[in-house]
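Structure assessment
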Amino acid sequence: MNRTTATRELGQFKTLEQFIIERQESFPHSTGAFSRLLRDISVAAKIVNYHMRRAGLVDIYGDTGELNVQGEVQQKMDALAHREFVRALRRGGECCLIGSEEHAEAIPIRANGGSDGKYIVLLDPLDGSSNIEVNVSVGTIFSIYRMPEDHVGEVTLEDALQPGSKQVGAGYVVYGSSTMLVYTTGNGVNGFTLDPSIGEFLLSHPNIRTPKTGTMYAINEGNYNSFEDGLKKYIKWCQRKDKATGRPYKTRYIGSFVSDFHRNLLKGGIYIYPATASSPEGKLRLMYEANPMAFIVEQAGGRASDGHTPILQKQPRELHQRTPLYIGSEEMVRTAEAFLQGEMDLD
Ligand code: AHM
Ligand code: MG
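A brief look at the structure comes next.

1. Topic: the pattern of salt bridges
Opposite charge on two side chains permits pairing when their charged atoms draw close. This structure, assessed with the given rule, holds 14 salt bridges. Residues K14 and E22 are paired through a salt bridge, measuring 2.9 Å at the closest nitrogen-oxygen approach. The exposure class of K14 is partly exposed, given its relative accessible area of 30%. Look at E22 and you get partly exposed, because its relative accessible area is 41%. The salt bridge involving E101 is made with R285; its shortest N-O contact spans 3.3 Å. Here R285 lies in the loop between β13 (270-273) and α8 (286-299) and E101 lies in the loop between β3 (95-100) and β4 (107-108), a separation of 184 residues in the sequence. For the pair shown, E101 and R285 are each scored as buried. Taken together, the shared-partner salt bridges connect E101, R285 and E289 into one network.

See the structure below:
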């Protein structure tokens, strides 16, 4: 794809905005609210990208001296990204409630003129932010729900606690060697690369399909001793030589979920963050990390589970709930599940 795009002129690409409008026109009763919401998100992503590209030159490295709701050190860029996304969504007026990794409570939004938007946005404004100082890719992850039909009164967190299968949109932005926005609305997955010269996201990766299997696994193996037995066996299986399946697989762990996920989505692979001794529920958050990526991966032909239950079927109990996560190429995730459930063993 990149080989051909290199020779294409800018004007031949569809912009994100054009793409969104074309999709919207195929829904005759659409009010355009969802399209405007996506536009608001993309504007915030461009602002965060602008700041990120200058990290090292201005005072945005390092931590704020505060802990976030998870008890983790909040990086200055975490706080900045949170502020920009909340601002853009507030200004846009299509969103009635925001849940963010960087804020303990859900944030209700009262839009211009008092009328509430009808979408709920849950996000990790800057995932993997401890990597910024060393110039490693980081990302934003977002999940979109509609307000429940039967909603009455004030908007509360209860309205957001819907299983991932109810998402109406999800996406991520990876701030890497280029900046890309990848999203789905349940009708395939499309990727857009930011052209910094014209400030537009351009459709560079239409209709992304993830390989059925791959040769890369991503896991923090430093935690090996606290993995459950089935997972230990699966890791050993990945490392064994086998011509037919291309093993031993390669370990590739950036420690930045969006980047690890993005690589696996395009090339095939599995990302695992299991329950460990220090994170007995897993580390990643169900509502704004696992759910949106699970929606995307399934739309691209892949699979996501907590090792037993599909991620999108899990009923959330709280905003910052964690979950073990096995996500990526369908065959690889199924094999890992088979080891966890005792259906496969090392011979
Ligand atoms: P964050 O949301 O606080 O940035 O944490 C999530 C990150 C993921 O991007 C990454 O895959 C994982 O934490 C790495 O964790 P570990 O250092 O335990 O391997
Ligand atoms: Mg995160």
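2. Section: the pairing of strand β7 (residues 169-175)
The buried fraction of β7 is high, at 7 of 7 residues. Side chains G169, G171, V173 and Y175 project from β7 onto one buried face, and the interleaved A170, Y172 and V174 project onto a second face that is buried too. When β7 meets strand β8 (residues 179-184), the two strands line up antiparallel, connected through 6 bridges. Residue V174 lies in a different strand from β8, and its bridge partner there is M180. The antiparallel pairing of β7 with β8 creates a hairpin that spans 3 residues between the two strands.

3. Here we look at unusual backbone geometry
Residues R247 and P248 are joined by a peptide bond in cis, for which omega reads 5 degrees. Secondary-structure assignment places P248 in the loop between α6 (229-239) and β12 (250-251). Although it is not a glycine, N135 sits at a positive phi angle of roughly 60 degrees. Residue position: N135 is located in the loop between β5 (119-127) and β6 (138-146).

4. Observations concerning the packing of helix α7 (residues 257-267) against α8
It is at 12 Å that the axes of α7 and α8 come closest, and there the two elements cross at 10 degrees. As summarised for this structure, α7 and α8 are arranged roughly parallel, according to the angle between their axes. Listed contacts from α8 to F257, V258, F261 and L265 of α7 are E289, M293, I296 and V297. Taken together, the residues of the contact of α7 with α8 break down into 7 nonpolar, no polar and 1 charged.

5. What about the packing of helix α3 (residues 33-52) against helix α4 (residues 76-92)?
Running from N to C, α3 and α4 point in directions that differ by 150 degrees, and their axes come no closer than 9 Å. By the criterion of interaxial angle, the relationship of α3 to α4 is roughly antiparallel. Every pair of crossing elements has a handedness; the one defined by α3 and α4 is right-handed. Taken together, the residues of α4 that come into contact with α3 (itself represented by L37, D40, I41, V43, A44, A45, I47, V48, H51 and M52) are M77, L80, A81, E84, F85, A88, L89, R91 and G92.

6. Considering the site of ligand 1
Around ligand 1 lies a shell of 17 residues, among which D127, Y253, F257, Y271 and Y273 are the nearest. Contact distances for ligand 1 include 2.7 Å between an oxygen atom and a side-chain N or O atom of D127. With respect to ligand 1, the side chain of Y273 contributes an N or O atom lying 2.5 Å from an oxygen atom. Surface burial for ligand 1 is 82%, taken as the share of its 470 Å² of free accessible area covered by protein chains. Each residue belonging to the shell around ligand 1 can be placed in one class, and the counts come to 5 nonpolar, 5 polar and 7 charged. Both of domain 1 (3-205) and domain 2 (216-340) provide at least three residues apiece to the shell around ligand 1.

7. Observations regarding the nonpolar core
Within the largest apolar cluster, 42 residues are counted, with the highest numbers of intra-cluster contacts made by Y172, F257, F261, M293 and I327. Sort the elements by how many residues they give to this core and α8 lands first, with 9 residues. In this structure, F261 is in contact with Y172, M293, I296, V297 and I327, ignoring residues within four places of it in sequence. If you look at the next biggest cluster of nonpolar residues, it comprises 41 residues, including V121, L126, Y175 and F192.

8. Quick word on the packing of aromatic side chains
Counted according to the given criterion, the structure contains 13 aromatic pairs. Summarising the aromatic geometry, the rings of Y183 and F192 are spaced 5.9 Å apart at their centres and angled 20 degrees between planes, so their arrangement reads as stacked. Ring centres 6.1 Å apart and planes at 70 degrees place the aromatic pair F257 and F261 in the edge-to-face group. Of the two residues, F257 and F261 both sit in helix α7, 4 residues apart, roughly one turn of that helix. The same class applies to F257 and to F261, which are both buried. The cationic tip of R247 hangs over the ring face of W237; the distance from NZ or CZ to the ring centre is 3.7 Å.

Reading guide: rules and limits
Residues numbered from 1 in each chain as written. Chains lettered and ligands numbered in written order. Predicted model: local features only at pLDDT ≥ 70, side-chain atom pairs only at ≥ 80, totals over all residues. Heavy atoms only, no water. Salt bridge = Lys/Arg side-chain N within 4 Å of Asp/Glu carboxyl O. Buried < 20%, exposed > 50% of the residue type's maximum accessible area, 1.4 Å probe, protein only. Helix = DSSP H or I, 4+ residues; strand = E, 2+ residues; numbered from the N terminus. Pairing = 2+ DSSP bridges. Axes fitted to C-alpha atoms, helices over the stretch in contact; angles between N-to-C directions. Parallel < 35°, antiparallel > 145°, perpendicular 65-115°, else oblique. Contact = heavy atoms within 4.5 Å. Nonpolar A, V, L, I, M, F, W, Y, C, P; charged D, E, K, R; others polar. Left-handed = near helix turned anticlockwise from the far one by under 90°. Near = heavy atom within 4 Å. Polar contact = N/O pair within 3.5 Å; in protein donor to acceptor, adjacent residues only side chain to side chain. Areas by Shrake-Rupley, 256 points an atom, 1.4 Å probe, with all protein chains shown as cover. Domains from an automatic or database assignment. Core = buried A, V, L, I, M, F, W, Y, C linked by side-chain atoms within 4.5 Å. Phe/Tyr/Trp six-rings, centres within 6.5 Å; stacked < 30°, edge-to-face > 60°. Lys NZ or Arg CZ within 6 Å of the ring centre and 35° of its normal.

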